[in-house]
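As a plain string of letters, each chain reads:
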Amino acid sequence: MPAVTTVSVCLILLLIGGQASSLPTTTRLPVRISRSSEQGGHSGTSVDTDGDATIDYDDENIKYIRGQVLRAVTKTPAHPFLVLTNKTSGLVYEGYLKDVLSSLARILKFEYEIYESPDGKYGVPDHKGVWNGMVGEVAYGRANLTLAPLTISSLREKVVDFTKPYLHVGTDMMMKTPSEDVDIFSFLMPFEPILWLTILGAVMGIALLLYLTAKARTMVGAGDKSWDNDSAFTSYNSIWFAVWSVLRKGGEPAPRSIPARILAAGLWLFALIVVSTYTANLSAFLTVKRLESHINSIDSLVHHAKVKFGVPRDTFLYSFFESYKDDTGNVYKEAWDRMEADDSYYRNFADGVGKTKRGDYVMLAETPFLEYAVLNDEKCELMLVGAPFMFQGYGLATRRGDPLRKALSIGILRLQETGALSAIKQRWWPEDKCPLYGGLSAVRGRSRITITTFLGVFFILAGMASLALVVTLVQVLFAKSPCGKRRYKKREQSQAVLQSSSSLSDSKTSPPQFDAAIADGD
């Protein structure tokens, strides 16, 4: 009997050894293991959601996970998903995924421990189909799940199972905020140059019409000479009147004749609209505006010869662009060729941010990473450009056929329904830091006021100028007609009589003047 037992044990050991030897081997590096029971394991970071009130603990999948200690493999640093932080108690994990896992552990009643991937990679297969990184750790049974921003892809789905996505992301582009050239004439920016020239021409045109109408009326003697001041509107005074009207400052001479007042009314209305519009738009130009960038899509980036761009190797993004290397006429094919020719890949996230800050480089990565980098940049010198493309999801990977996937998916959906995932995301991506898209600019980015905006005002001004010309023409023609001459002659005679009467009354009321000699008795 003992001999049989010994043989059985030997056979079992040989069998286990054979299975273990069939698994791909990786170089084991020292790893940091963090347990949920350690200080900082939960650390009060899980979001309280009442999620456990609706979890069906009689479900077979929930029963399977309850009470287990799960091994989660990760790769750090991955700001803000998971990072190692030095606390008084030692190194502990913190980040968005740590909060998510703590919340899942609370509502699903399991424990966990986190360790680093030995090779520090996410996971890609080699030429023999052997997977490395976190995917390999899970696929070959060394870990229960991944805890990292791991993209759900069809290639990875062949060797592992993914939970429901806990975060939907796209691919974005990040560049250094372009510096602005100081423009001492920025106050002219609200209007287009052609509009400025048109306004100047309109003002000078009104001044010319004011001078010509006054000159014509003076030459033929039209109007009431005792009241009208046409003679005061010389060329100099006419220009001065137009200038102070636009600047909305009082001045002399003031118009008295009907044509002059019509022109003045039109000019004042024109000046009111122009100045009000300019003031409002100048305020807008000097407040919130976004910086302009010549790069607004992956297509414009590829065709921008002076700017390099890149992705990290051995990642989903790298594999995505590589899959187009044999295509023709595709923008992703052109992007792959550019990155290969320039060798513009970055080693890790910190390297990519460093290249971006040095300028003339655009970093391609998933939106959450880039958003975090922009929001937390000390000098706020980074910005996102263009719109995200190639949308996908992040999920937790488990072994193929493991009931763990179903239980974790139920927990993730419950966290979504209660708003816990949104609350955790808001905590790690606050919106009150650096602006994502370049923030404030001096005077760029806003549409200028074009001449078409002022067409109605110019039409009104032209109409009133035409009316003034018509009135002047009528008065000049009337002054030259026999009837007009008789009327103006009678008016002149009446004015002469009034002036003589005024002179006599003044002489009667004035005190007598005596000769000094008579007064002295000579």
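Residues numbered from 1 in each chain as written. Predicted model: local features only at pLDDT ≥ 70, side-chain atom pairs only at ≥ 80, totals over all residues. Heavy atoms only, no water.

By the naming in an unreviewed UniProt entry, the protein chain goes by Glutamate receptor ionotropic, delta-1-like isoform X2 and is assigned to Branchiostoma floridae.

Moving on, we come to the confidence of the model for the protein chain. Mean pLDDT for the protein chain: 78, with 75% of residues reaching 70 or above. Mean pLDDT in the protein chain bottoms out at helix H1 (residues 2-22), which sits at 43, and peaks at strand S6 (residues 145-146), which reaches 96. Below a pLDDT of 50 lies the segment residues 38-53, which in the model reaches 43 contacts outside its immediate sequence neighbourhood of four places, other chains included. Residue range residues 440-446 is modelled with pLDDT below 50. Its contacts to residues more than four positions away, or to other chains, number 32 contacts. (pLDDT = per-residue confidence, 0-100. Helix = DSSP H or I, 4+ residues; strand = E, 2+ residues; numbered from the N terminus. Contact = heavy atoms within 4.5 Å.)

This next bit is on the UniProt feature "site: Crucial to convey clamshell closure to channel opening" (unreviewed entry) in the protein chain. Under the present numbering, the feature "site: Crucial to convey clamshell closure to channel opening" (unreviewed entry) in UniProt falls on Ile295. Note on placement: Ile295 falls in the loop between helix H8 (258-285) and helix H9 (298-302). Under the relative-accessibility criterion, Ile295 is labelled buried at 4%. If we ignore the near neighbours within four places in the chain, the residues touching Ile295 are Met173, Ser300, Leu301, His304, Val307, Val362, Val385 and Gly386. (UniProt positions renumbered as here; feature names shortened; annotations may be inferred. Buried < 20%, exposed > 50% of the residue type's maximum accessible area, 1.4 Å probe, protein only.)

For the structure shown, the criterion picks out 23 aromatic pairs. Ring centres of Tyr166 and Tyr394 lie 6.3 Å apart, and the angle between their planes is 40 degrees; on these two criteria the pair is classed as tilted. Of this pair, Tyr166 sits in the loop between strand S7 (160-162) and strand S8 (167-176) while Tyr394 sits in strand S11 (residues 382-394), and the two are 228 residues apart along the sequence. Centre to centre, the rings of Phe191 and Tyr278 are 5.6 Å apart; their planes meet at 70 degrees, and the pair counts as edge-to-face. Of this pair, Phe191 sits in the loop between S8 and helix H6 (193-220) while Tyr278 sits in helix H8, and the two are 87 residues apart along the sequence. The pair formed by Phe191 and Tyr278 is uniform in burial state, with each residue classed as buried. Over the face of the ring belonging to Tyr115 we find Arg71, whose NZ or CZ atom lies 4.3 Å from the ring centre. Here the basic side chain of Lys425 rests over the ring of Trp429, its NZ or CZ set 5.1 Å away from the ring centre. (Phe/Tyr/Trp six-rings, centres within 6.5 Å; stacked < 30°, edge-to-face > 60°. Lys NZ or Arg CZ within 6 Å of the ring centre and 35° of its normal.)

Turning our attention to the packing of helix H3 (residues 96-108) against helix H14 (residues 404-417). For any two helices packed against each other, one specifies the crossing angle of their axes together with the interaxial distance. Running from N to C, H3 and H14 point in directions that differ by 105 degrees, and their axes come no closer than 10 Å. On the basis of the axis angle, H3 is roughly perpendicular to H14. Of H14, the residues touching H3 (which contributes Val100, Ser103, Leu104, Ile107 and Leu108) are Ala407, Leu408, Gly411, Ile412, Arg414 and Leu415. Partitioning the contact of H3 with H14 into residue classes produces 8 nonpolar, 2 polar and 1 charged. (Axes fitted to C-alpha atoms, helices over the stretch in contact; angles between N-to-C directions. Parallel < 35°, antiparallel > 145°, perpendicular 65-115°, else oblique. Nonpolar A, V, L, I, M, F, W, Y, C, P; charged D, E, K, R; others polar.)

Here the focus is the state of the cysteines. In the structure shown here, the tally under the stated rule is 1 disulfide. Covalent S-S linkage joins Cys380 and Cys434, the inter-sulfur distance amounting to 1.8 Å. An S-S torsion of about -70 degrees defines the bridge between Cys380 and Cys434 as left-handed. One end of the pair, Cys380, is in the loop between helix H13 (367-375) and S11; the other, Cys434, is in the loop between helix H15 (420-428) and helix H16 (455-480), and 54 residues separate them in sequence. Judged by its relative accessible area of 38%, Cys380 is partly exposed. By relative accessible area, Cys434 is classed as buried at 6%. (Disulfide = S-S within 2.5 Å.)

All right, on to the sheet that holds S11 then. Here 4 strands make up an open sheet; going across it, the order is S9-S10-S8-S11 and the pairing mixed. One side of each edge strand has no neighbouring strand; the edge strands of this open sheet are strand S9 (308-310) and S11. Taken over all neighbouring pairs, the strand axes of this sheet differ in orientation by 20 degrees on average, direction set aside. Running over the sheet, helix H11 (residues 331-342) touches S9 and S11 and is turned about 105 degrees from S9. Across the face of the sheet, helix H12 (residues 349-358) comes into contact with S8, strand S10 (361-366) and S11 while running at roughly 145 degrees to S10. (Pairing = 2+ DSSP bridges.)

This next bit is on H11. It helps to recall that an α-helix has 3.6 residues per turn; residues three or four apart then point in one direction. Helix length check: H11, at 12 residues, gives a terminal C-alpha distance of 16 Å against a target of 16 Å (1.5 Å per residue), a fit within 8%. Turning to H11, its buried residues number three or more, namely Val331, Tyr332, Lys333, Ala335, Trp336, Arg338 and Met339. Looking at the buried positions of H11, the neighbouring elements they touch are H9, S9, helix H10 (316-322) and S11. N-cap assignment for H11: the residue whose side-chain oxygen lies 2.7 Å from the backbone N of Tyr332 is Asn330. Backbone geometry just after H11 places Asp343 at a positive phi near 50 degrees. (Expected span 1.5 Å × (residues − 1). Polar contact = N/O pair within 3.5 Å; in protein donor to acceptor, adjacent residues only side chain to side chain.)

Quick look at the nonpolar core now. By size, the foremost hydrophobic cluster in this structure holds 53 residues, and its most contacted members are Phe81, Tyr96, Phe110, Tyr166 and Leu408. Beyond its immediate chain neighbours, meaning those up to four positions away, Phe81 contacts Glu94, Gly95, Tyr96, Leu97, Lys98, Pro149, Tyr166, Leu167, Pro368, Phe369, Tyr394 and Trp429. Ala207, Ala260, Phe270 and Val471 belong to the second largest nonpolar core, which has 29 residues in total. (Core = buried A, V, L, I, M, F, W, Y, C linked by side-chain atoms within 4.5 Å.)

For the rest of this paragraph, the subject is the packing of H6 against H8. Put simply, H6 and H8 touch, their axes get as near as 10 Å, and they point 165 degrees apart. Here H8 runs roughly antiparallel to H6, going by the angle between their axes. In this structure, the crossing between H6 and H8 has a hand that is left-handed. Two secondary-structure elements touch here, H6 through Trp196, Ile199, Ala202, Val203, Ile206, Leu209, Leu210, Thr213 and Arg217 and H8 through Pro259, Ala260, Leu263, Leu267, Phe270, Val274 and Tyr278. (Left-handed = near helix turned anticlockwise from the far one by under 90°.)

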